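# An overview of the molecular structure
Here's the letter readout for the chains.
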Amino acid sequence: MSDMMKEVVVTGAHAYEVRTVPRPEVKGDYDVLVQMKAAGVCGSDFHIYNGSNPCASYPRIPGHENAGVVAAVGSKVTKVKPGDHIIVDLIHTCGTCYQCRIHRKNVCENVLVRGSGYDGGWREYFIVPEGEVYPISSDVPWKDAALVEPFAIGAHCTQRGRVVPDDTVLILGTGTIGAIILQTCKAKGVKKIICADISDSSLERAKEYGADFVINTKREDLKQRIHELTDGHGVTIAFDSACFPGSLTMIMEPGIICNAGRVVPLGFVTVPEQITQAMINQRELDIIGSRMSCYQFEPTIERMENGEFNLKGIATNYIPFSRIQEVFDKIENPDPSVKKMVILFDE
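Residues numbered from 1 in each chain as written. Predicted model: local features only at pLDDT ≥ 70, side-chain atom pairs only at ≥ 80, totals over all residues. Heavy atoms only, no water.

## Regarding the overall build of the protein chain
A tally of regular secondary structure across the protein chain gives 11 helices and 17 strands. Taking 2.2 N^0.38 as the reference for a compact globule, 347 residues should give roughly 20 Å; the C-alpha atoms of the protein chain span a radius of gyration of 20 Å, in line with that estimate. With respect to the principal axes defined by its C-alpha atoms, the protein chain has extents near 65 × 45 × 40 Å. Across the 347 residues in the protein chain, those meeting the buried criterion constitute 50%. Contacts spanning at least 24 positions in sequence make up 71% of the contacts within the protein chain whose residues lie at least 6 apart. Put simply, the protein chain shows about 15,300 Å² of open surface, and 50% of that area lies on carbon and sulfur atoms. (Helix = DSSP H or I, 4+ residues; strand = E, 2+ residues; numbered from the N terminus. Rg over C-alpha atoms; globule rule 2.2 N^0.38 Å. Buried < 20%, exposed > 50% of the residue type's maximum accessible area, 1.4 Å probe, protein only. Contact = heavy atoms within 4.5 Å. Areas by Shrake-Rupley, 256 points an atom, 1.4 Å probe, with all protein chains shown as cover.)

## Overview of the UniProt feature "domain: Enoyl reductase (ER)" (unreviewed entry) in the protein chain
When the UniProt feature table is mapped onto this chain numbering, "domain: Enoyl reductase (ER)" (unreviewed entry) sits at residues 12-288. Annotated as 25% helix and 28% strand, the span residues 12-288 places its first and last C-alpha atoms 32 Å apart. (UniProt positions renumbered as here; feature names shortened; annotations may be inferred.)

## Some details on the environment of Ala67
Among the structural elements, Ala67 can be located in strand 4 (residues 65-73). In this structure Ala67 comes out as buried when scored by relative accessible area, which is 0%. Setting aside residues up to four positions removed in sequence, Ala67 forms contacts with Met36, Lys37, Ala38, Ile86, Ile87, Trp142, Ala145 and Ala146.

## As for the sheet that holds strand 10 (residues 168-172)
Ordered in space as 12-11-10-13-14-15, the six strands form an open sheet in which the pairing is parallel. Since the sheet does not close on itself, it has two edges, and those belong to strand 12 (213-216) and strand 15 (286-287), each with one partner. As judged from the four bridges shared by strand 10 and strand 13 (residues 235-240), these two strands associate in the parallel manner. If you follow Leu172 over to strand 13, its bridge partner there is Asp240. (Pairing = 2+ DSSP bridges.)

This is the structure:
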């Protein structure tokens, strides 16, 4: 094992460096040294690089979708051992605040988010506490293991939204997270799922994952199509995974979301929306925040190990860590065919 390693540091908007630094060493009793094997590239990583992530500070090592192998452990670690394959949690929490005590650790009063609030996994090695790693079977390929975190988001937001089989679901935005929400809703037995996007290729993929109806909002009026597909009732729950300025107001329109419906936004758009109290209270809507995931890693890993997810097409581009510049090239020059990138670390 070399004493040196490489790490990727975003130094500011549209600027990054690849640095050679000393490899960290286990010092604490509960330290786990992770050798990275695969890291997903998330939309929030795009925003960190573009300077538009309100949760990020610089300089920052991105990467919160991390899978690797245990290289070394502290003297009191019992959860994992060297050689184990693991997934790394993206949050570091205090464990004592009100939010942690009521099992809402993802919004801990003192939460640090790996890859935005503090350094993430776009580096060859890093140290994490024992409590922030989860074993995963070595039968799961690294390229798939890196997808555990986004699937955990799908599990969390559908739980927050109280999805049940009788729901009629609208998913606005069928990128990675939208496609995962779709699969999660199907697994929960939902009988009618409507997906809306401006990308035909994303909508075609949504059909493959089980969408009952798709709407291209460039060519079709969303409200009118929802009216037709729901016999005028509207959907019972809408997920905003498109997350553009105005998207939340759009799905809250009468005729799209029904009375007593639930709206689950997933983004961090900071532009004010045109939402009034009357829009919420006249129909008694539930607006349900959803951030990251909470206690969903282990059940998601189990489902991944059991082969319950359709992973075909979730990630479209696999890029070696030694060619990390290609990731930033694709961030700078968006290509609709690139649905999700996964960084694979060199052996």
